[in-house]
Amino acid sequence: MRPLLETEPAFKASVLKMMLEHVDELPEAAQVRRRIEPQVQREIAEASRTQWLPGAWGPAIYEAVAAVLGETGVYELAAEMVTAAPAMPMFQPLLRGVIHIFGREPVELLRAYPHAQKFTARNCGTCEVLFARPATVRFQHVPELLRRRVWQVGQVAVIEATLALAGGSGKVEIDAAEFAATGTIDFLVHT
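Below is a summary of the structure that appears in this document.

Criteria and thresholds
- Residues numbered from 1 in each chain as written.
- Predicted model: local features only at pLDDT ≥ 70, side-chain atom pairs only at ≥ 80, totals over all residues.
- Heavy atoms only, no water.
- Helix = DSSP H or I, 4+ residues; strand = E, 2+ residues; numbered from the N terminus.
- Rg over C-alpha atoms; globule rule 2.2 N^0.38 Å.
- Areas by Shrake-Rupley, 256 points an atom, 1.4 Å probe, with all protein chains shown as cover.
- Axes fitted to C-alpha atoms, helices over the stretch in contact; angles between N-to-C directions.
- Parallel < 35°, antiparallel > 145°, perpendicular 65-115°, else oblique.
- Contact = heavy atoms within 4.5 Å.
- Nonpolar A, V, L, I, M, F, W, Y, C, P; charged D, E, K, R; others polar.
- Pairing = 2+ DSSP bridges.
- Left-handed = near helix turned anticlockwise from the far one by under 90°.

1. Digging into the overall build of the protein
Per the secondary structure count, the protein includes 9 helices and 7 strands. Compactness check: the protein gives a C-alpha radius of gyration of 16 Å against a globular reference of 16 Å for 191 residues, within 12% of the reference. Reported as C-alpha extents along the three principal axes, the dimensions of the protein are approximately 45 × 35 × 35 Å. Working note: accessible area of the protein is about 9600 Å², and carbon and sulfur atoms make up 54% of it.

2. Here we look at the packing of helix α1 (residues 13-24) against helix α4 (residues 57-84)
Contact geometry for α1 and α4: axes closest at 9 Å, N-to-C directions at 105 degrees. Viewed along their axes, α1 and α4 adopt a mutual orientation that is roughly perpendicular. The segment α1 lies against α4, with Val-15, Leu-16, Met-18, Met-19, Leu-20, His-22 and Val-23 engaging Trp-57, Gly-58, Ile-61, Tyr-62, Val-65, Leu-77, Glu-80, Met-81 and Ala-84. In the contact of α1 with α4, the residues fall into 13 nonpolar, 2 polar and 1 charged.

3. Quick notes on the sheet that holds strand β5 (residues 135-140)
Spatial ordering of the open sheet is given by β4-β5-β7-β6, a layout of 4 strands whose pairing is antiparallel. The sheet terminates laterally at β4 (126-130) and β6 (171-175), the two strands that pair on one side only. Put simply, the sheet's adjacent strands are angled 20 degrees from each other on average, direction ignored. Examined bridge by bridge, β4 and β5 share 5 bridges and lie antiparallel to one another. For Thr-126, the partnering residue across the bridge sits in β5 and is Gln-140. Here helix α8 (residues 149-165) sits on the sheet and contacts β5, β6 and β7 (185-190); the angle it forms with β7, its principal contact strand, is near 30 degrees.

4. Some thoughts on the packing of α4 against α8
The relative placement of two packed helices is expressed as an angle between their axes plus a distance between the axes. Interhelical geometry of α4 versus α8 gives an angle of 15 degrees and a closest axis separation of 6 Å. Classified by the angle between their axes, α4 and α8 sit roughly parallel to one another. When you trace α4 past α8, the crossing you get is right-handed. Between α4 and α8, the contacting residues are Pro-59, Tyr-62, Glu-63, Ala-66, Glu-71, Val-74, Tyr-75, Ala-78, Ala-79 and Val-82 on the first element and Arg-149, Val-150, Trp-151, Val-153, Gly-154, Val-156, Ala-157, Val-158, Glu-160, Ala-161, Thr-162 and Leu-165 on the second. For the contact of α4 with α8, the class distribution of residues is 16 nonpolar, 2 polar and 4 charged.

See the structure below:
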């Protein structure tokens, strides 16, 4: 693999490794794996957990899952990753800090979301949480390679699973009127 430019969209290898680990837990794992380029799988497996890997690989994994299991499969995979995240050393200090500062209120736990994005994604747009009614997770400047329906479904799952992680619940509505043109998308969090 050629070295990534500092300006290219990228994900931490640990996230992509975790995605493939969760794929491997599926009964349809072999079918999903057949839809992911062998070179991509090999490079993810061989990368150090802290290495940055091409941003296109995350949606490619989601697309493979969607081809076999539909959007429901993408949603379940992304939600499972959030459920497993507190056990990951990368996220433990962030989660403890947010809970210490803001408590365990489900919507308050969303404050960690932009910070988690900075740990796991580079040049994949900016993320902020707006605390109004409803609370809104806003992404701006999302690069075209991520402007896919599977990415949106994954984000919905992550947000809803984050609320559940804090003992709450909620539904996320997507406001993507300008997403294709501008890369701006709002995830409206109804609790």
